[in-house]
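# Overview (structure and organization)
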Amino acid sequence: MDALSGAGPRRARSLGAAGPGSSCRAARPPAPWARFSAWLECVCVVTFDLELGQALELVYPNDFRLTDKEKSSICYLSFPDSHSGCLGDTQFSFRMRQCGGQRSPWHANDRHYHSRAPVALQREPAHYFGYVYFRQVKDSSVKRGYFQKSLVLVSRLPFVRLFQALLSLIAPEYFDKLAPCLEAVCSEIDQWPVPMPGQTLNLPVMGVVVQVHIPSRVDKSESSPPKQCDQENLLPAPMVLASVHELDLFRCFRPVLTHVQTLWELMLLGEPLLVLAPSPDVSSEMVLALTSCLQPLRFCCDFRPYFTIHDSEFKEFTTRTQAPPNVVLGVTNPFFIKTLQHWPHILRVGEPKMSGDLPKQVKLKKPSRLKTLDTKPGLYTAYTAYLHRDKALLKRLLKGVQKKRPSDVQSALLRRHLLELTQSFIIPLEHYMASLMPLQKSITPWKTPPQIHPFSQDDFLRSLEHAGPQLTCILKGDWLGLYRRFFKSPHFDGWYRQRHKEMALKLEALHLEAICEANIETWMKDKSEVEVVDLVLKLREKLVRAQGHQLPVKEATLQRAQLYIETVIGSLPKDLQAVLCPP
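Criteria and thresholds
- Residues numbered from 1 in each chain as written.
- Predicted model: local features only at pLDDT ≥ 70, side-chain atom pairs only at ≥ 80, totals over all residues.
- Heavy atoms only, no water.
- UniProt positions renumbered as here; feature names shortened; annotations may be inferred.
- Axes fitted to C-alpha atoms, helices over the stretch in contact; angles between N-to-C directions.
- Helix = DSSP H or I, 4+ residues; strand = E, 2+ residues; numbered from the N terminus.
- Parallel < 35°, antiparallel > 145°, perpendicular 65-115°, else oblique.
- Left-handed = near helix turned anticlockwise from the far one by under 90°.
- Contact = heavy atoms within 4.5 Å.
- Nonpolar A, V, L, I, M, F, W, Y, C, P; charged D, E, K, R; others polar.
- Pairing = 2+ DSSP bridges.
- Phe/Tyr/Trp six-rings, centres within 6.5 Å; stacked < 30°, edge-to-face > 60°.
- Buried < 20%, exposed > 50% of the residue type's maximum accessible area, 1.4 Å probe, protein only.

In the annotation of an unreviewed UniProt entry, the protein chain is listed under the name DENN domain containing 6B and assigned to Cebus imitator. Taken directly from UniProt, the Sequence similarities (unreviewed entry) text for the protein chain runs: "Belongs to the DENND6 family."

The following block contains the structure:
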């Protein structure tokens, strides 16, 4: 089947947002597919061809450019492998590396979105998420006897709950009516408002209004359903999603509840972990649940919710010539047990049991007990946890199972526990980092701002005695040992770089404020023209950065800086004014 036509030129991503100084111009109309591409990169249909195997049947919009390697990856990752006997409908997700670098300019609102969105929900700069709805049913009209097809939403947004809900509405209809239905859905998505953190949005699709809240950094940490916003007399009543991204954490972790803290430590330390599951849905949900354990920290390592032996990075991940990479890998093919038996941590989970009782918990086993052919469920690792297990949490969750407490309540308990654990670990680091910031009184207008003091691991560890995690967490254990190992992990590097960048910007903003509060005319009295021109150029550079939302300064400060620039330029000879302000 040919790809759908009529998509128009791909895809100037500006949403018509006016830039600085453009208020006089009329806002341009949105480019074709601009709103669609604020949510999705493209929609793909993958089918099984007798001669070719998995084949890309359709990409929409049809001029979205995927490289051959990306097309191949989408084809293989959109089908369960032969070891997963997935009959009926199956939903799962994958994450794949984008090939050939970033080919298209980012949305005009990306910087604004990223400044407000939690770090864990920011757009991926170098990876695609694929959200899959796979159907395999008996069909006597097909040579192989089975209808096999996947509908895939490709996005850079990690909104797994939203896109799964969207697929559950679109896919059954598409499998019946095919291309025209898909074209109509994409046109509807192209009418949606862009995702803005802190807003509750109504998203109409196929006669249903999906209501979602886009989380922001200032939202309370506890997950709660979006408040009913203005309904605008919506009929039918909207389908309210409690979250765009949070999975049912309790359901995902049911077989490993006794090891949740050990798994949290492995994630915190960025350890390589192989998750072997019976099907792609179990694999992808377990990997996404594990990588969400560290919120509000950004997960800085690679992760693949579903991975196959056909992936272009298979050799890279399975090589024995170097240490295993820092990646959480979700697989269903037992072949990986043999290929990756040198990995330090392997989690084998069995078929999920939907009964009310708590399933049999996987046991902690030594890697030497790993069997390549018939591996029983278990966490195969020689790792010893630094912190003691929280038995009170396990008792509460077990009591919830006995009382048939709803899964979302159990998930909220578990998520809160992990959040508080992460916060207890990170708060001492935040306090110590804040102490490295130069005092505000040391920032003077006409001197280069002082440097941020260097991070000393020894000084930090000494500070734990009176300001450590014991102030906010009752868990006992070797916290010092955990911090020492954390310093060697990608997550410490990612956290430190982000905090250092934010502090440097704050320092620059304070310096700009100090300049704006000083008496510029007094300063200019004994200065040469070269020094005055240098000040103009530096102030302009700071102003451009501040107007681009890179510096945290107030609007009044920006106006004062602009006034200072005009005052300084006005004091210069006419020939220099003409150079600095050409007509």
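## Overview of the packing of helix 13 (residues 457-467) against helix 14 (residues 479-486)
Viewed as axis vectors pointing N to C, helix 13 and helix 14 meet at an angle of 155°, and their least axial separation amounts to 11 Å. Classified by the angle their axes make, helix 13 and helix 14 are roughly antiparallel. With respect to the hand of their crossing, helix 13 and helix 14 are arranged in right-handed fashion. Contacts between helix 13 and helix 14 involve Phe 460, Leu 461 and Leu 464 on the former and, on the latter, Leu 480, Tyr 483 and Arg 484. Across the contact of helix 13 with helix 14, the residue classes tally to five nonpolar, no polar and one charged.

## Digging into the sheet that holds strand 8 (residues 239-240)
Within the open sheet, the three strands sit side by side as 6-7-8. Their pairing is mixed. Each edge of the open sheet carries a strand with a single partner, namely strand 6 (200-205) and strand 8. Pairing analysis gives two bridges linking strand 7 (residues 208-213) to strand 8, with the strands arranged parallel. Bridging across to strand 8, Gln 211 finds its partner in Val 240.

## Concerning the packing of aromatic side chains
As enumerated under the stated definition, the model contains 33 aromatic pairs in all. An angle of 40° between the planes, with centres 6.3 Å apart, marks the rings of Phe 129 and Phe 303 as tilted. Remark: Phe 303 occurs in strand 10 (residues 302-304) and Phe 129 occurs in strand 4 (residues 127-138); sequence separation between them is 174 residues. Given the relative accessible area of 8%, Phe 303 is considered buried. On the basis of an interplanar angle of 75° and a centroid distance of 5.9 Å, the ring pair of Phe 460 and Phe 487 is categorised as edge-to-face.

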